[in-house]
Structure formats: C-alpha cells, structure tokens
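One-letter residues, chain by chain:
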Amino acid sequence: MIKKFYERFNESVYIIKLKNGMQVHILPKEEPYFTTYVELSVPFGALDLTYKNKEKIVSTPYGTAHFLEHKIFAMPDGDAFGKFSALGVEANAMTSYNQTSYLFTATQNVIEALTHLFNMIDTPYFTTENVNHEKHIIAEELKMYLDDPNVVMQNKLTEMMYHNHPLKYDIGGTLDSIMDITPEILSNVYQNFYHPSNRLVTIAGKVDVKAIKAFFKAYDQKNPIKQPKIKTIYPKESRKLVLKNDVEVKDVGINKLMMGIKLVPSKLSKKEQIEKEMRITMILNMLLGSSSVTYAKLLEDKLINQSFFINTTFEKHAENIIIYAESKKIMKLKKILMKILIEDASKLLTNEAFNRYKKVYLGQFIFALNNLETKAYLYGKYQHLGASLYDVVDLLKKITYDQLMEELKGIQKKNIASLIYKKA
Amino acid sequence: MLLIKNDFKTIQFAIFFTDFDEERSSVYRFLLPRLLTSHTNKLINKTKMSEKLEDLYGAYFKTRVERIGNLSIVSIILTIVDPIIVGDEQLFDHALGLLNQVLFEHDVFNKDIFLEEQRMLIEQWETLYDKKRLYAHTKFYEHFFKDDTYGYPMSGSLKDIKKLTVEKIYDYYKNVFLSNTKKLIVNGRISDINKQKIESLMLHDKKDEKKHSFIAHFRPSRELFVVEEETQMQQAILKLGYHFPIFRDDPLYHAAVILDTILGGYPESRLFKEIREQNGLCYDISSSYDYYKGVIMVSSGVDLKQKDKALEAIKSLVIHMMEYGIDQSELDHAKAYYTHQIKSGLDSQSFLTKRTFIRDLLNHEETIEERLIEIEKVKLDDVEKALKKISLDTIYVLRGGQNDKEIL
C-alpha cells in the first residue's frame, strides 16, 4: 500500500494495487466524521459503442452502457437495492460518456455493504424478461428528458455537429436503440469491460484502512486473473459540421438559441488534454462569464436572461462548447455572440481577468474538496484520465495568458452550428 | 449570532430574515435577495460584484426564500474558502466587509439593475410552460393549497411582479425587511479574534427583536378534487396530495417520517418497487412529507398511455397500506435508511447551518442522539396509527394530448 500526503490541503491518499489490476484509492477524513463514500467505476461509458473482441468488431446499440448500469442491480434473488437498504446504506449509480460508476454512502456496515457491492458487480443476471421489462423504465426516463426543450435542443444540435461520433446521441440512447438491447449484448459487454482489471475503487470519508486492506487482499486472492484491456473503436469524424444553421418554430414561451462550437480534437497526452480543457473553460468564463463586459452588455441590452449558460465537453475524439440563451431578440443575439467569439475575443481577454480566474479555480478546487461525493467523484474521474485530483492544481499554475490567446484560434466561424427554436 | 466550529475547508456566513408569510410581500422577498447581492454602494453594478467575488477565490452568495409553516424565511449565505488554506490573511476581513455591504450598505437600489431583475423574473414566468415539471409543480400547489399562502407563487404573481417599482421595493427593504427577525450563523474554522469581528457586524442591530410565533396549520380535508390538464408532452405527470395532519411537534411525527420513507422515500419504498420495478409504469416516483403543513405529496412521470392505470395503482397502493399496514422488515429497513440520512447530514456544512437555524427558530431542544433514539422507538403500531390519518385530497395530472406523436 502506497501513502501520499498533500500538505497544502491536509489530505492523504492510500493506494492499493491488486494483482488482478484493480486499484483502490482511499481518501480518509479525520474524526469526527460519520460518512463513508464508496465508488466503483469502470472506464466504460456511453461512447464505448464499438470494440474489438477476439479479432471481431462488435457494435452495440446507443445507450448500452446506461442500460447495463440499470441491470447490474438485478440479481437472481431480487433487486440489489433491497440489501443495501437493509444495511442502512444509500446506493446509486451513474453513467457518463466515458465511465460507469456504482456507489454507496454508509454510516454503518461499510464492509458488509462493500461485500454486497462486489457481489452485485460479480453476479451479472440478464434475462430476456428482466431486460425487456427495463426497456419500459428506461423509455420513461428518456421521455422525461425529451419533455425538456433544452435536452431536445442539445440532442438536435449535436446531430448537427457530428456525422458519426457517438457523442451525437444521448447517454441513455434513443427510444429506438434501447429496444435492440438483449441479454447477450449486455453479457458480452460485461465480460469485456467489467472484469476486475478494469475497475477503480475510490473510498472517501470515515475509513478503517486496515479493514479495507484486508477486504481487498481477500478479494484479490479469490480473483487473481488479470485481463487485457479492450480498446474502443471510434468512427472517423469529419472536422466539418453536418448542418450549420437551423430554425424550428415551436410552442415555447420565449425564443431559444443553442450554439455549438465543434473544436478540433488534439492528439495530446491525458494531462495535456486536462490542461486544454482548463484553458478553454477559462477563456469562456473571461469572455462570457458573469464578470465579463460582454455579459453585462448582453443583460443591459435585454438580449439574455438568467437561463444563459455555457457548457464544455472534452471526450475522446470529440470536443465542443455549447452556449444556450433565451431571448426576445434571438437573431440579434446570435449575431453579437458570433462577433464576440470570432472578432472581439482577443481584445476582451485581459490579463487582469486571467489572474482573477486563477484564484477562482483554486477556490473551486477547495470547494470541491469540501464535499465528500464531489471529491471522490472527481478523484475517480481524473484517475481514469491518468491524473491525480491533487495534481490538477499544479496544472493550473502552468497555464499562461499567451496559451489562452493561442487556444482562441481553435474557435472558428466555420465550426459553429446554431439552432433556434422560434416562438410559434 | 450562532457559531458552529469545525474543520470544513470553507466558511459559511448565513443570515436568515424571518417574517410572517403573506401573499402581498412575496414578490418583495423573492426579488430582494437578488438585488442585495447584485450591487452595493461601493460595488455599483453586477460586474463589480462578480469581480469582487472572483477576487475572493470564487466566493459565492446563495440566496433562497422558503416557507416554514406560517413563516417566510429569506436566507443569504456567503461561502468562502478557509483563508488558512490559501494563505490569504485578508480574505476573512474582505469577506466580512462584503457581507456587511450586501446586507446594510444600500442608500438606493440601482434602477437599471432593478428593471433587469424584474424583466428576468417576468421572462421566467413566460417560460414556465416550457418546463413541464416545474409547471406541473406550480399548478399542483395552486390547487392543493388553494386559499393558503403555500398556494401563492413564491415569487409573487406575474401581476405583482409587473406592478413592482424600485421605490416600493426599497421602501420594503428599509422599513420592513431590515426589521425582520435576523439570525446570523457562522460555520467553519473561526479564531477568537475573527469571532469578535463577526459580532461587531451585527452590533448596530443588537436589539434581539420580536420573535415570530410559529404555527403549523392546514385547512381540513375536503372531498377529492381532481384537475387534468392537456399539453404537448411525451409523458403524463401525476401529482397526488394527501391530507396528513401530523405536524412537527406531534407525538406521531417520527412514525410519520418513517411512513413517508416506506411509501416513497427511497429505492426500497412501496411506490418505487411496485409502480416502477414491478409494473414498469414510470422511471421516477417519490413521496414527500411536509411536516409544517401536515401533507404528503406523491409525484411521478408516467407512460402517457398508461396514466390511468398508474394513477389507480398509486391510489390502490396507499389504500392497501392503510388497510393492511406495513411489515417489520419494511419498518427496520426504513429506520436504518433514515438513521443513515441523519448521520450523514452531520458531514454536510450546509445541512449543519440550516439545522442550527431551524432549531433556533422553532426552539427545538432535541439533539441528534435523542432524535435517533426516537426513530428507533417507532413501532408498527405507531406507523399504523399514522396511516389512519391519511386521506386523498387533490389529484393533478398534466399530460400529453391524444394527437401527440407516438414514439413507442
């Protein structure tokens, strides 16, 4: 077991590397602390749709990772939630574009719950009946999102941006694609991506390190085989947009605009990739964040309201920025946003704002450390990306003002798609 | 001032303004915290305010208006990073100075900022219909809590918002809001010197004012009231309001909390297991118990084509529970789950801040340990007694129309 101590934040990390390849990272909190947070994650998410298995290319329906996340809770003797509840712990799961996580929080029975979590993960139980039954539940989940115009717009906009990349589909898939999911597909994916070598366990909060170590030692002895990692195959994606502009007339209260900037994915190391994401986020905050001159002007001119937001996505072979606004002067807003992004940006990024944002990022990092679940989730996320959460602060220090100016060049007019929902 | 000392990596300064909940003051109380935290005498516009917060390592204000029984609470919370971690000796003083400015240093309200906030609130109303879940929630409250302040929009009505002027809201701030019962709670690592500085912040307002008497009350149960509304959507949203006259100080309160947990409070609940897992009628379903109003509300987004079946299934499930009660394992699981919720809350800074305020507001003496003992004491018999008090009062359905696109 390796121990690392981050003096500045008064945080320790214990790392256990199992023979089967699984890693366990422990982030203990000193007493008095009551909660233990456990997250088991695999680097298999909504984008991992096509992969090579024994020289054969396997393609799965959109939404497979999310579907599998639901069905992992099915066990031969009933739903796994029952036992978690009986132990007095709260269990949950989530699927992102690049990973699936199973987690629980406990204030008692940690080892029992950990045993149950591994029992659940190690006992796939997919039957035609339970898979078909789940289709109804997931269909209602998807329909719930489809009743939200923001989600519908985002789905449509990503279709306008991407020709082939799976990012164009919702994490949960589509109402049609989930109908094609079978127990065989789930079993195959499970065998290839859920084996212990692919798992990362993050445990944070109140921790009995000795007991945890003993648990994983025993687990390693029972499951000693290390398996090779399966590589996802991504389709080739053009740098061009599928469709640049679209306007739809809808039954909405106020016109809505969603702009998508398709960035050119770079061939960078994982750490460089994290740095790039930080630089882009910083640029956007300085350009259009709440303290920017442009944001104040857009408000003053009644062009935006509180619904205005910016989102970035940095995934394998696909990177983009999404800007959303509601406005009664939607065409004017679109024109101004285009001008800000393409013509005025370099003049608007000031050194003063840059230095302020560095402080903000340090603050945000500390805010994240304050929340057990956020800390453990981010720790796992960065670990899958090949970095430690605590090193991210050092990456921030390396960012220079000149780098931001260079990064700006990646935002080009020809790569901006826009979708408007016009009030009927 | 109440001080919670602990080792979180952030410090929270939370101030709570309490007054009686009245329809006529809703719009003022909703807009006021937004105005107060958007500018001050020195920070003359939103940009200056944002710059200041960014300079304080991304410190942020969180404001909220909420109803607790007959009371209206406005909270303004400033969160900063612990100055020791970032090695900034002036951070604490700057943050405290900012809080003081936000609360008390307003000679006037900037008219342009007021008009901007007013416009955004109006636009929020204009887009309410686009957000089906929020719309359903608002309409359900309107029907279930008709003739009660709970049924009145928290932001005031659209008419109230349009009629508001900067002069009127400033007058309310000076003559009403600042005279509210105020409670400052500071949560984080605080030195004795800094404690004195915080105390001096509230010095000019030392008179520990009137206490508002708390009343938990709701109208009597009525004959079932059903409203169904059609819109363009893929699902149907079901809202069921149950009359459940067990309030926070009732001896059956802990049994009522456990009952709500068993009904729809977690993934092992009856609603989740039967309506979602067994019948596959929905993705989300839950119940919530408002112990200040004595009601239980059930909410679910269901398959449009099966909404009648889902509605009947939910109603039957509750009736079955009332007739046959619950079993010992359900009781044990719910107690274990709820106990975990309470204990884990103790690790959340925001939970501790809020809990400290509520205990003070309602003069609650009960400690966490005592509360856990009370929960442990709940017996099948107590839950059955609580179940006898449930009666279905209001049903609200928002559904897609017959002509909406079929997708399955």
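Thresholds, definitions, all that
- Residues numbered from 1 in each chain as written.
- Chains lettered and ligands numbered in written order.
- Predicted model: local features only at pLDDT ≥ 70, side-chain atom pairs only at ≥ 80, totals over all residues.
- Helix = DSSP H or I, 4+ residues; strand = E, 2+ residues; numbered from the N terminus.
- Rg over C-alpha atoms; globule rule 2.2 N^0.38 Å.
- Contact = placed C-beta atoms within 7 Å.
- Core = buried A, V, L, I, M, F, W, Y, C linked by C-beta atoms within 7 Å.
- Buried ≥ 20, exposed ≤ 12 C-beta atoms within 10 Å, placed from the backbone.
- Domains from an automatic or database assignment.
- Nonpolar A, V, L, I, M, F, W, Y, C, P; charged D, E, K, R; others polar.
- pLDDT = per-residue confidence, 0-100.
- Axes fitted to C-alpha atoms, helices over the stretch in contact; angles between N-to-C directions.
- Parallel < 35°, antiparallel > 145°, perpendicular 65-115°, else oblique.
- Left-handed = near helix turned anticlockwise from the far one by under 90°.
- Expected span 1.5 Å × (residues − 1).
- Pairing = 2+ DSSP bridges.

*Asks:* Teacher, can you tell me more about the overall build of chain B here?
*Replies:* Of regular secondary structure, chain B possesses 16 helices and 10 strands. In terms of overall size, chain B behaves like a compact globule, its C-alpha atoms giving a radius of gyration of 23 Å where 408 residues would be expected to give roughly 22 Å. Restricting to contacts in chain B with at least 6 residues of sequence separation, those with at least 24 account for 81%.

*Asks:* Is there a simple way to think about the nonpolar core in this case?
*Replies:* In summary, soluble globular proteins display a tendency toward joint burial of nonpolar side chains. In this structure, Ala95 and Ile258 of chain B are the most contacted members of the largest nonpolar core, which totals 204 residues. For this core, the leading source of residues is helix H4 (residues 91–104) of chain B, giving eight residues.

*Asks:* How should I be thinking about the domain arrangement of chain B in this particular structure?
*Replies:* Residues and elements named next belong to chain B. For chain B, the domain assignment lists domain 1 (2–205) and domain 2 (225–400). For the side of domain 1 that touches domain 2, the elements supplying multiple residues, two or more each, are strand S1 (2–5), strand S2 (10–20), helix H6 (132–144) and strand S5 (181–188). In terms of residues, the side of domain 1 that touches domain 2 owes the most to one element, H6, which gives eight residues. Within the side of domain 1 that touches domain 2, the residues separate by chemical class into 12 nonpolar, six polar and four charged.

*Asks:* Can you help me understand the confidence of the model for chain B in this one?
*Replies:* Any region with low pLDDT has predicted coordinates that should not be read closely. All names here are of chain B. Averaged over every residue, the pLDDT of chain B is 93; the share at 70 or more is 96%. Here residues 404–408 is a poorly scored stretch, pLDDT under 50, and it has five contacts once near neighbours within four places are set aside; other chains count. Of the two predicted TM-score estimates for the complex, the pTM is 0.93 and the ipTM is 0.91.

*Asks:* Sorry, what's going on with the domain arrangement of chain A here?
*Replies:* Often, the extent of an interface is quoted as the loss of accessible area upon association of its parts. All names here are of chain A. Domain assignment breaks chain A into domain 1 (2–222) and domain 2 (245–423). Its C-alpha centre places domain 1 at a distance of 28 Å from the equivalent point of domain 2. Each partner contributes residues to the interface: domain 1 has 31 residues there, and domain 2 has 28 residues. Counting residues per element, the ones that place at least two in the side of domain 1 that touches domain 2 are strand S3 (23–28), strand S4 (36–42), helix H5 (149–161) and strand S11 (200–205). Here the side of domain 1 that touches domain 2 gets nine residues from one element, more than from any other, and that element is H5. Looking at the side of domain 1 that touches domain 2, its residues break down into 16 nonpolar, 12 polar and three charged.

*Asks:* Sorry if this is basic, but what is going on with unusual backbone geometry here?
*Replies:* The bulk of non-glycine residues show a negative phi, and the bulk of peptide bonds are trans. For glutamate 55 of chain A, which is not a glycine, the phi torsion comes out positive at approximately 65°. Mapped onto the fold, glutamate 55 of chain A is located in the loop between strand S5 (50–53) and strand S6 (56–59). A residue is classified by how many C-beta atoms lie within 10 Å of it, and glutamate 55 of chain A, with 5 of them, is exposed. Here aspartate 147 of chain B, not a glycine, exhibits a phi torsion of approximately 65°, which is positive. By secondary structure assignment, the location of aspartate 147 of chain B is in the loop between H6 and helix H7 (158–163).

*Asks:* Would you mind going over the interface of chain A and chain B with me for this structure?
*Replies:* With 52 residues of chain A at the interface, the matching set in chain B holds 53 residues. Contributions of two or more residues to the side of chain A that touches chain B are made by helix H2 (80–86), strand S10 (100–106), helix H4 (128–146), helix H9 (293–300) and helix H11 (351–370) of chain A. Tallying contributions element by element places H11 of chain A first for the side of chain A that touches chain B, with 11 residues. The residue inventory of the side of chain A that touches chain B, partitioned by class, reads 25 nonpolar, 16 polar and 11 charged.

*Asks:* It is not clear to me how the packing of helix H1 (residues 26–36) of chain B against helix H5 (residues 111–126) of chain B should be interpreted in this structure. Could you clarify?
*Replies:* A pair of packed helices is characterised by two quantities: the angle between their axes and the separation of those axes. Residue and element names in this part refer to chain B. With their axes 10 Å apart at the nearest point, H1 and H5 run at an angle of 130° to one another. Taken together, the axis directions place H1 and H5 in an arrangement best described as oblique. In this structure, H1 meets H5 at a crossing whose hand is right-handed. Note on element contacts: H5 touches H1 through Ile113, Phe114, Glu117 and Leu121, opposite Leu31, Arg34 and Leu35. Of the residues in the contact of H1 with H5, the class split is five nonpolar, no polar and two charged.

*Asks:* I keep staring at H6 of chain B and nothing clicks. Help me out?
*Replies:* Since the α-helix packs 3.6 residues into each turn, any two residues three or four apart lie on the same face. Taking 1.5 Å of rise per residue, the 13 residues of H6 of chain B would be expected to cover 18 Å, and the 18 Å separating its terminal C-alpha atoms lies within 8% of that figure. Against the buried residues of H6 of chain B lie strand S6 (225–231), strand S7 (235–243) and strand S10 (391–400) of chain B.

*Asks:* I tried to follow the environment of leucine 175 of chain A on my own but got confused; where do I start?
*Replies:* Residue and element names in this part refer to chain A. With respect to the helices and strands, the residue leucine 175 is situated in the loop between H5 and helix H6 (183–193). Of the residues examined, leucine 175 has 18 C-beta atoms within 10 Å and is grouped as partly exposed. Spatially, the C-alpha atoms of leucine 175 and leucine 142 are 7.1 Å apart, while their sequence positions differ by 33 residues.

*Asks:* Would you explain the sheet that holds strand S16 (residues 416–423) of chain A in this entry?
*Replies:* In sheet architecture, strand pairing relies on hydrogen bonds along the backbone and comes in two forms, parallel and antiparallel. Residue and element names in this part refer to chain A. Strand order in the open sheet formed by five strands is S12-S16-S13-S15-S14, with mixed pairing between adjacent strands. In the strand order of this sheet, the two ends are held by strand S12 (245–250) and strand S14 (309–315), each with one partner. Taking each pair of neighbouring strands and ignoring which way they run, the sheet shows an average axis angle of 15°. Relative to strand S15 (residues 318–326), strand S13 (residues 256–263) runs antiparallel, the two sharing eight bridges. Bridged to isoleucine 261 within S15 is isoleucine 321.

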